[in-house]
Amino acid sequence: MPYLHVQTNATPTQPERSAFLEAATEVVAQVLGKNPAYVMACIETGLSLNFASSELPAAFLELKVLGLDPGKNKELATLLSDMARVHLHVSEDRCFSRFVDTPRGHWGLGNEVF
């Protein structure tokens, strides 16, 4: 179950947030070859965030995945930062990404652990 957590100081509208979450879910599912039904995405907006000594719009995108292929990280960083530019009005050069490969046995859904 991939989990995308986005934190930003940008203040997009509700429709922009929803569009970002929908697009990000589809991209993560497609790139990772996962069913979109198992992708979770969360966005926190309007945060106090300083990046590169500036409070201009910025975003921290963290994707946690069970069995992440590092060869996919560049494509994911490119696509997700482009979506942040389009939907959240954050320049790609102010999107900081982190990709986390979660070990088996540390991910659960309901009463199941993978």
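J.: Could you give an account of the pairing of strand E2 (residues 40-44), with specific residues and numbers?
T.: Bridging between strand E1 (residues 3-8) and E2 involves five bridges; their strand directions are parallel. From the neighbouring strand, Leu-4 faces E2, where its bridge partner is Ala-41. As for the winding sense of the linkage, the β-α-β connection from E1 through helix H1 (residues 14-32) to E2 is right-handed.

J.: How would you explain H1 if you had to name every residue and give the values?
T.: The end-to-end C-alpha distance of H1 is 27 Å, a good match for the 27 Å that 19 residues give at a rise of 1.5 Å each. For H1, the set of buried residues is Phe-20, Ala-24, Thr-25, Val-27, Val-28, Ala-29, Val-31 and Leu-32. Structurally, H1 contributes buried residues whose contacts are with E1, E2, strand E3 (59-66) and helix H2 (73-88). Of the residues trailing H1, Gly-33 is marked for its positive phi of about 70°.

J.: Explain the packing of aromatic side chains to me, using residue names and the numbers behind them.
T.: All told, the structure shown has two aromatic pairs when counted by the stated rule. Geometrically, the ring pair formed by Phe-60 and Phe-96 is stacked, given 5.9 Å between the ring centres and 20° between the ring planes. Placement of the pair is Phe-60 in strand E3 and Phe-96 in strand E4 (residues 95-102), with a sequence separation of 36 residues. Given a relative accessible area of 22%, Phe-60 falls into the partly exposed group. An aromatic cluster of at least three residues, connected via ring pairs, comprises Phe-51, Phe-60 and Phe-96.

J.: For the pattern of salt bridges, give the residues involved together with the corresponding values.
T.: On inspection of all chains with the given rule, the structure shows three salt bridges. With a closest N to O distance of 3.0 Å, Glu-92 and Arg-85 form a salt bridge. Taking relative accessible area as the criterion, Glu-92 reaches 35% and is therefore assigned partly exposed. Salt bridges sharing partners connect three or more residues here, namely Asp-82, Arg-85 and Glu-92.

J.: Describe the environment of Thr-102, with residues and values.
T.: Mapped onto the secondary structure, Thr-102 falls in strand E4. In this structure, the C-alpha to C-alpha distance between Thr-102 and Leu-63, residues 39 residues apart in sequence, is 9.9 Å. For Thr-102, the contacting residues outside a window of four places in its chain are Lys-64, Val-65, Leu-66, Gly-67 and Trp-107.

What counts and how
- Residues numbered from 1 in each chain as written.
- Predicted model: local features only at pLDDT ≥ 70, side-chain atom pairs only at ≥ 80, totals over all residues.
- Heavy atoms only, no water.
- Pairing = 2+ DSSP bridges.
- Helix = DSSP H or I, 4+ residues; strand = E, 2+ residues; numbered from the N terminus.
- Right-handed = clockwise from strand over helix to strand, strands pointing away.
- Expected span 1.5 Å × (residues − 1).
- Buried < 20%, exposed > 50% of the residue type's maximum accessible area, 1.4 Å probe, protein only.
- Contact = heavy atoms within 4.5 Å.
- Phe/Tyr/Trp six-rings, centres within 6.5 Å; stacked < 30°, edge-to-face > 60°.
- Salt bridge = Lys/Arg side-chain N within 4 Å of Asp/Glu carboxyl O.

In short, the description is geometric, and any link to function would need to be established separately.
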